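# Fold and geometry: a report
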Amino acid sequence: MTRKALVEREKKRSDLVAKYATKRTALFSIINDSSKGDDEKFEARVALQKLPRNASPTRQRNRCALTGRPRGTFRKFGIARNKLRELALKGDVPGIVKASW
């Protein structure tokens, strides 16, 4: 089982990403706009750098919803591979069957 502090840290990061999402998209649109001047682009870059580091969505880590495991997490289900296997063998995941050929 994963430490609860790591799971809570990820929750804080996802909250920060949601909080600053509109501001980040506005700043990126200014930076990528070719009609804007260099001064405006520079100011937008500086404002983007002043945002919290954890407001960037690339800092998030996909974790298992059941165990908090950071690796081997299936995006479609949101759970780790070993828990997915257990649930699939029990028949709790619809559409998943054990392969046999």
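Summary of the structure given here. Because the structure is a prediction, the values reported are computed rather than measured.

## Some thoughts on the nonpolar core
Core analysis: the largest hydrophobic core is formed by seven residues, namely Tyr20, Leu27, Ile31, Ala44, Leu48, Leu51 and Ala55. Those elements that provide at least two residues to this core are helix 1 (4-32) and helix 2 (38-50). The dominant element in this core, judged by the number of residues it contributes, is helix 1, at three residues. The next biggest cluster of nonpolar side chains, apart from the first, holds five residues, and it includes Cys64, Ile79, Leu84 and Val93.

## Points about a negative patch on the surface
Taken together, the side chains of Asp38, Asp39, Glu40 and Glu43 present a region of like negative charge at the surface. Looking at where Asp38 falls in the secondary structure, it is placed in helix 2. In this structure Asp38 comes out as exposed when scored by relative accessible area, which is 64%.

## Overview of the pattern of salt bridges
In the structure shown here, the tally under the stated rule is three salt bridges. Across the pair Lys11 and Glu8 runs a salt bridge, and its minimum N-O distance is 3.5 Å. Remark: Glu8 and Lys11 occur in helix 1; sequence separation between them is three residues, near one turn of the helix. A relative accessible area of 45% places Lys11 in the partly exposed class. Between Lys83 and Glu86 there is a salt bridge whose closest N-O contact spans 3.4 Å. Taken as a pair, Lys83 and Glu86 lie in helix 3 (residues 81-90) at a separation of three residues, close to a single helical turn. You can call Glu86 partly exposed: its relative accessible area is 41%.

Each value, and the rule that gives it
Residues numbered from 1 in each chain as written. Predicted model: local features only at pLDDT ≥ 70, side-chain atom pairs only at ≥ 80, totals over all residues. Heavy atoms only, no water. Core = buried A, V, L, I, M, F, W, Y, C linked by side-chain atoms within 4.5 Å. Buried < 20%, exposed > 50% of the residue type's maximum accessible area, 1.4 Å probe, protein only. Helix = DSSP H or I, 4+ residues; strand = E, 2+ residues; numbered from the N terminus. Patch = residues over 30% accessible without salt bridge, like charges linked within 9 Å, V, L, I, M, F, W, Y side chains within 5 Å. Areas by Shrake-Rupley, 256 points an atom, 1.4 Å probe, with all protein chains shown as cover. Salt bridge = Lys/Arg side-chain N within 4 Å of Asp/Glu carboxyl O. Lys, Arg positive; Asp, Glu negative; His and termini not counted. Charge placed at Lys NZ, Arg CZ, Asp CG, Glu CD.

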